[in-house]
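# Close look at the chain arrangement
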Amino acid sequence: MQYRIEKDTMGEMQVPADKYWAAQTQRSVMNFEIGDEKMPLEVLYGFANLKKACALVNNQLGRLNDEKTEAIAKACDSVLSGQLDDNFPLVVWQTGSGTQSNMNMNEVVANKATEILGGEFTKEKLVHPNDDVNKGQSSNDTYPTAMRIAEVVAVTDRLIPALNQLKETLKVKSKAFSDIVKIGRTHLQDATPLTLGQELSGYVAMLDTNLKQINDALQYCRELAIGGTAVGTGLNSHPGFSHKVAAELNSFMEKNYGFVSQPNKFHALTGHDAEVVLSGALKALAANLMKIANDIRWLASGPRCGLAEIEIPANEPGSSIMPGKVNPTQAEAMTMVAVQVMGNDATVGIAASQGNFELNVFKPVIAYNILQSIRLLSDTMISFDKNCAIGIVPLKKNIDRFLHDSLMLVTALNPHIGYENAAKIAKTAHANGSTLKEEAVNLGLMSAEEFDAAVKPEEMIAPKA
């Protein structure tokens, strides 16, 4: 590999000749050889959008000339197009303020902008990473802003559509199965009847609640720290800078994400309670997805010796030794995602509690865990929907058999013969291996006709006046 020499305030560094980054990025590469978890691209793209907005605002305020502004904006667009992805080598495990990633972006954008202006960035700096690209900014306000941009975009464009997709499939299935009466189960024991559609409607309602929680959390994440600079005072920034940057982001990004300036910049730099709220909403979604996935794989267990009330798609062979075995792999993947997200939430909560004085220095790990949770939840919901939920088919023969074998149909007799007598029928039938109807007649508590009139599973799925 060929190298070139770059300088920063600490001296000279050898930098790969074909990369746009410079000395500060290279120092981070050398000093933080920790793990292989790279700074998420979502954060880097958040930075690129932010640097573009800052350049445009600095130009409006008369602090950056037209030539440099246009070059910086074009350089940021190159980052956002994915052309420069290999110029961001830094890991998550670096300074807790994300300073090195901020400077990585500043260096790449400055050098690319120099190139756009016709200069040779290896020899001259027509655009300076600190004085131009980072003008009116600090790592302490840019990193939390970039991570907020990343969070809002990821939730809006990825998570919410995936959640709605799965919810809509379950809603369609719930309606389609609304007349299929089955036995309910509580404590893993037989309970009173409901319809398969009612069972699935519970999942739809869960996801509706999750959607509301996520949208509520999103409101806090739209508040941006930019303009606070080093400690929240806004030193070297302009009084209108923060509001103007938020407006620019809403104007030129793919859609208006509703970004606003966070009112208190001291809170913005040292507090990450918005991320705690968002992560909590993601954990709540993970908990419901765990419930849904577990129910589906129980209901599909078998195919001969389990519950087998529904059939799910057979996507791949399930065993290397048992021919013909098929496993509920989509459910298994979704439950693994759920536990990962729950673990991520613990990390986010602990990291957010570690703000000291004017700065929280756990920002990269907060961003990494939240964005991983969003990505995993989005992907698993799309995969589960496409490869499992859409293909759910009721096995009516088994459903009917379980329904009519259940001793809990006896609950319908409570209003007619009382709890104690109904319990006597159920216990006797269970002990004798007989039916409820047989024992109701044998015990002289009801006639066959009275039993048939009282025990109608299809009428046990809702309250009666």
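Up top is the structure.
Scanning the chain for helices and strands turns up 17 helices and 10 strands. Its C-alpha atoms give the chain a radius of gyration of 30 Å, clearly above 23 Å, the size a compact globule of 465 residues would have. Projected onto the principal axes, the alpha-carbon positions of the chain cover approximately 100 × 50 × 35 Å. When the 465 residues of the chain are sorted by exposure, 50% land in the buried category. Restricting the contact set of the chain to residue pairs at least 6 apart, pairs at least 24 apart contribute 72%. Just so you have it, the chain exposes about 21,400 Å², and 53% of that area is on carbon and sulfur atoms. Of the charged side chains in the chain, 43 are positive and 53 negative, and the gap between their average positions amounts to 1 Å.

The end-to-end C-alpha distance of helix H6 (residues 139-176), which contains 38 residues, comes to 54 Å, matching closely the 56 Å that a straight helix rising 1.5 Å per residue would cover. By the largest-angle criterion, Val-155 marks the main kink of H6, which is about 40°. N-cap assignment for H6: the residue whose side-chain oxygen lies 3.0 Å from the backbone N of Asn-140 is Ser-138.

Moving on: the packing of H6 against helix H7 (residues 196-221). For the pair H6 and H7, the least separation of the axes is 9 Å and the interaxial angle reads 165°. The angle between H6 and H7 falls in the class roughly antiparallel. In terms of crossing hand, the pair formed by H6 and H7 is left-handed. For the contact of H6 with H7, the class distribution of residues is 16 nonpolar, 7 polar and 6 charged.

About the cut-offs
- Residues numbered from 1 in each chain as written.
- Predicted model: local features only at pLDDT ≥ 70, side-chain atom pairs only at ≥ 80, totals over all residues.
- Heavy atoms only, no water.
- Helix = DSSP H or I, 4+ residues; strand = E, 2+ residues; numbered from the N terminus.
- Rg over C-alpha atoms; globule rule 2.2 N^0.38 Å.
- Buried < 20%, exposed > 50% of the residue type's maximum accessible area, 1.4 Å probe, protein only.
- Contact = heavy atoms within 4.5 Å.
- Areas by Shrake-Rupley, 256 points an atom, 1.4 Å probe, with all protein chains shown as cover.
- Lys, Arg positive; Asp, Glu negative; His and termini not counted.
- Charge placed at Lys NZ, Arg CZ, Asp CG, Glu CD.
- Expected span 1.5 Å × (residues − 1).
- Bend = angle between axes of the 7 residues up to and from the residue.
- Polar contact = N/O pair within 3.5 Å; in protein donor to acceptor, adjacent residues only side chain to side chain.
- Axes fitted to C-alpha atoms, helices over the stretch in contact; angles between N-to-C directions.
- Parallel < 35°, antiparallel > 145°, perpendicular 65-115°, else oblique.
- Left-handed = near helix turned anticlockwise from the far one by under 90°.
- Nonpolar A, V, L, I, M, F, W, Y, C, P; charged D, E, K, R; others polar.

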